[in-house]
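Chain residues, written in single-letter form:
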Amino acid sequence: MKPIEGHFLIRPADLSWRLSNLMKVPNADILERTGSDNMSARLWRYPPKSAGTLHKHIRQEEFYFVLEGTGRLRVGDETLTVPKHGGVLVGPDQLRQVFNDSDAEVLWLIIGAPEETELLPSAPVKPDLSLIYPVEPTQLPKELDGEIWPPKDG
């Protein structure tokens, strides 16, 4: 993988927020305009009583860092509580899911390396998604039993 040349300044106004495909969690790709294929970085705004996908990675390590609120993350069979300005590093082979079982929004910064460019929409060949989603990715953790996420359209 080729490193970028020079530097890139990213301002809040440069971010483009969207809902994630499966779980409808608002997120912004911080590095999308830089051309970096060495790392990925996204901001994720987890609304109250929400969850991201249950997934793992092919080779990417991910660092989860809480910017606002108190974060919750399950890694394998363990549930972690991450305080504001705390973080967790997770290896690629570990099943993980960020969720929010509180009544307040939680803002995460999630950085991954190396970037798994085969997962990008522009990739010419799509990977076997069972490597990333070996189990049902939209299942909610036990802490959200009785909740409905993602929100239903309509």
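One can find the structure itself at the top, above this paragraph.
Please read these numbers as outputs of a predicted model, since none were measured by experiment.

**Some points on the sheet that holds strand β9 (residues 96–100)**
No. 1: The sheet built from 4 strands is open, its strands ordered β4-β9-β6-β7 with antiparallel pairing. The two strands at the open ends of the sheet, each matched to only one other strand, are β4 (50–51) and β7 (78–82).
No. 2: Across 2 bridges, the pairing between β4 and β9 is antiparallel. Within β9, the position partnered with A51 by the bridge is F99.

**Points about the pairing of strand β10 (residues 106–113)**
No. 1: Along β10, 6 of the 8 residues are buried, which leaves the element largely enclosed by surrounding structure.
No. 2: Both strand β3 (residues 40–46) and β10 contribute to a ladder of 7 bridges, which runs antiparallel. Pairing of L43 across the sheet is with L109, part of β10.
No. 3: Both strand β5 (residues 61–68) and β10 contribute to a ladder of 7 bridges, which runs antiparallel. Pairing of E62 across the sheet is with G112, part of β10.

**Notes on the packing of aromatic side chains**
No. 1: For the coordinates displayed, the defined rule picks out 3 aromatic pairs.
No. 2: An angle of 35° between the planes, with centres 6.2 Å apart, marks the rings of W44 and Y46 as tilted.
No. 3: Looking at Y46, the relative accessible area reads 4%, which means it is buried.

Criteria and thresholds
- Within any chain, residue numbers begin from 1 and follow the written order of that chain's sequence.
- Predicted model: local features are reported for residues with pLDDT of at least 70 only, side-chain atom pairs are reported and counted for 80 or more only, and whole-chain, interface and lining totals are derived from all residues.
- In computing side-chain values, all of the structure's heavy atoms are included and hydrogens and water are not.
- When DSSP finds two or more bridges between two strands, those strands count as paired.
- In DSSP terms, a helix is any run of H or I states spanning at least four residues, a strand is any run of E spanning at least two, and both are numbered starting from the N terminus.
- For every residue, the accessible area (1.4 Å probe, protein chains only) is compared with the maximum for its type, and the residue is labelled buried under 20%, exposed over 50%, or partly exposed between those bounds.
- Pairing of aromatic side chains here covers Phe, Tyr and the six-membered ring of Trp, requires ring centres within 6.5 Å, and sorts the geometry by plane angle: under 30 degrees stacked, over 60 edge-to-face, intermediate tilted.

Shape is all these values report; function is a separate question.
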